Number of protein chains: 2
Amino acid sequence: MVDVVKHHPMKTYGQFCGLARALDVIGDRWNLLIVRELIAGPLRYTELRTSLAGVATNLLADRLRTLETFGVVERRVAEGGVAYALTPWGEGLRAPLEALVRWSAPLMVTGGEGEVFRPRWLVLALPALLAGVTASPPAVVGVEVAGTVVVLRVDAGGVHAELGAEDDVPDTLLSAPPAMLLGLAAGALGVDEVVAAGHLSGDADALRRAFPAERRRPVCGPTAADPSA
Amino acid sequence: MVDVVKHHPMKTYGQFCGLARALDVIGDRWNLLIVRELIAGPLRYTELRTSLAGVATNLLADRLRTLETFGVVERRVAEGGVAYALTPWGEGLRAPLEALVRWSAPLMVTGGEGEVFRPRWLVLALPALLAGVTASPPAVVGVEVAGTVVVLRVDAGGVHAELGAEDDVPDTLLSAPPAMLLGLAAGALGVDEVVAAGHLSGDADALRRAFPAERRRPVCGPTAADPSA
DNA sequence: CCGCATCCTCATGGATACTG
DNA sequence: CAGTATCCATGAGGATGCGG
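Below is a short write-up of the structure. Because the structure is a prediction, the values reported are computed rather than measured. (Residues numbered from 1 in each chain as written. Chains lettered and ligands numbered in written order. Predicted model: local features only at pLDDT ≥ 70, side-chain atom pairs only at ≥ 80, totals over all residues. Heavy atoms only, no water.)

We now examine the overall build of chain A. In terms of helices and strands, chain A carries 10 helices and 7 strands. Out of the 229 residues in chain A, the part that is buried amounts to 46%. Sequence-distant contacts, at least 24 apart, represent 58% of the contacts inside chain A between residues at least 6 apart. Total accessible area on chain A stands at roughly 10900 Å², and carbon and sulfur atoms take up 55% of it. (Helix = DSSP H or I, 4+ residues; strand = E, 2+ residues; numbered from the N terminus. Buried < 20%, exposed > 50% of the residue type's maximum accessible area, 1.4 Å probe, protein only. Contact = heavy atoms within 4.5 Å. Areas by Shrake-Rupley, 256 points an atom, 1.4 Å probe, with all protein chains shown as cover.)

Once that is clear, we can look at the nonpolar core. Leu19, Ile26 and Val72 of chain A together with Leu19, Ile26 and Val72 of chain B are the most contacted members of the largest nonpolar core, which has 113 residues in total. Once residues within four sequence positions are removed from consideration, Val72 of chain B is found in contact with Trp103 of chain A together with Val25, Val35, Leu67, Ala85, Leu86, Thr87, Trp89, Gly90 and Leu93 of chain B. (Core = buried A, V, L, I, M, F, W, Y, C linked by side-chain atoms within 4.5 Å.)

For the rest of this paragraph, the subject is the protein's contact with DNA strand C. Taken together, 21 residues lie around DNA strand C, and Arg29, Leu59 and Arg63 of chain A together with Arg65 and Tyr84 of chain B are the ones closest in. Among atoms of DNA strand C positioned within 4 Å of the protein, sugar and phosphate together represent 68%. Interatomic distance of 3.1 Å between a side-chain N/O atom of Thr46 of chain B and a phosphate oxygen of DNA strand C. Within the side chain of Tyr84 of chain B, an N or O atom sits 2.6 Å from a phosphate oxygen of DNA strand C. Within the residue set of the surface near DNA strand C, elements represented by two or more residues are helix 4 (57-70) of chain A together with helix 3 (45-52), helix 4 (57-70) and strand 3 (81-86) of chain B. Counting residues per element, the surface near DNA strand C draws most heavily on helix 4 of chain B, at 4 residues. In the surface near DNA strand C, the residues fall into 8 nonpolar, 8 polar and 5 charged. (Near = heavy atom within 4 Å. Polar contact = N/O pair within 3.5 Å; in protein donor to acceptor, adjacent residues only side chain to side chain. Nonpolar A, V, L, I, M, F, W, Y, C, P; charged D, E, K, R; others polar.)

On to the relation of the copies chain A and chain B. You can overlay chain A on chain B at an RMSD of 0.0 Å; the transform is a turn of 180° with a shift of 0.0 Å along its axis. Viewed as a symmetry operation, the transformation between the two copies matches a two-fold axis. Identified as the residue of chain A closest to the rotation axis by C-alpha distance is Pro96 of chain A, at 2.6 Å. A high fraction, 100%, of the interface residues of chain A reappear at the interface in chain B, so the copies pair face to face through one surface. (Least-squares fit on C-alpha atoms with pLDDT ≥ 70 in both.)

This next bit is on the sheet that holds strand 1 (residues 43-44) of chain B. Residue and element names in this part refer to chain B. Strand order in the open sheet formed by 3 strands is 1-3-2, and the pairing between neighbours is antiparallel. Where the open sheet ends on each side, the last strands, each with one partner, are strand 1 and strand 2 (73-78). Pairing of strand 2 with strand 3, which is carried by 6 bridges, proceeds in the antiparallel orientation. From the neighbouring strand, Arg76 faces strand 3, where its bridge partner is Ala83. (Pairing = 2+ DSSP bridges.)

Dropping the structure here:
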């Protein structure tokens, strides 16, 4: 009992810095993945639980509670259940998340064997990786993967994605495995190369025209060896 | 001993998603703050320790090691000591961090009593919050805060910041407390308002001209009450 | 001094069971 | 369906030690 002040557990970083305060809100484990799930639209509690694939239910409940009190997530008691959705401020996390997705592109060149994949995640990833791509006149491209259709609406303003039903009739329907989509996304692979490898079926020329070689993002990746090796 | 596989601790999220893989690399506590420190330039181990203000030394060593093996951080054995610096890929985190700083702006309207502040952090924060601001002909604005000078170089391409010596001769030298700078940054306050409150001394007109009302970022902030209350 | 490694305590995360 | 409650393993935080 010599020391009066024992073990001050520092839940926040205690720094007068925007980044530190942002991390005080969304820096805890699972938080940004919860936001990613909700970017594609509101979800029920159990839908979140299954889509996040591995989160403990007490953690999910705790994270949703703190995100709600911070004003990132909104809890809507709707007909027959509870739905969680992003607040307008939470929607504002789309830009940082897209930037992180672009940064992570070099990490996606290796395939995801043994990893979970949900087409829902492409609603964040595809516009992030196709940033700067425009189309005039506007075009609608449907990407079918793992049984669901991601609808990409491309106009002069950029790319917008949403989950679509099968009877949504896009101009073009691509059928692609997730590894190809995110490998394309990686930018380390050229579109021509992927198409030549036969991974892409359907009207690939539209995508190739929209994403020509001279507009591919220059990417610099990890310089050291992967620590998982 | 009924269960053979006991407690698989899931160091990674195990998701085939760019965001999840990025968080596998930089999602652990302190990681992004380490990157923030190094964005203003290389630092020694003890400099990192004091600037981060609260990190345990074993954690800092561990984080630096994993960031190095992932290729985000580079360990340089220079004259008289060890310096840590960002790799080119690690430098690429500047864009996501700036986006997070912009998102966090509504969190910065309250002052930082009892919080640590380092002028070094402005090297990330000020360009982030002045994104879109240009100047022609180019201008150099020095911001003196807490005894150090942050040099803002503004040209047609945007704003670039770096730590400067006192004998760097900028076109304009502003003297401002950090609360004002990041309050300005917050965007919730207008520049005119802050200037009128007398918090800004020096040539404020230059900044006001560079950041007119019609170019201020629209901000939407947290909707619920702050949970710290 | 600088650059960590070790040790200990407590808080947090993770898996499962359980309940209105 | 939407979460609590509980237990245990790991991780964070702090002090200290120690070789260069």
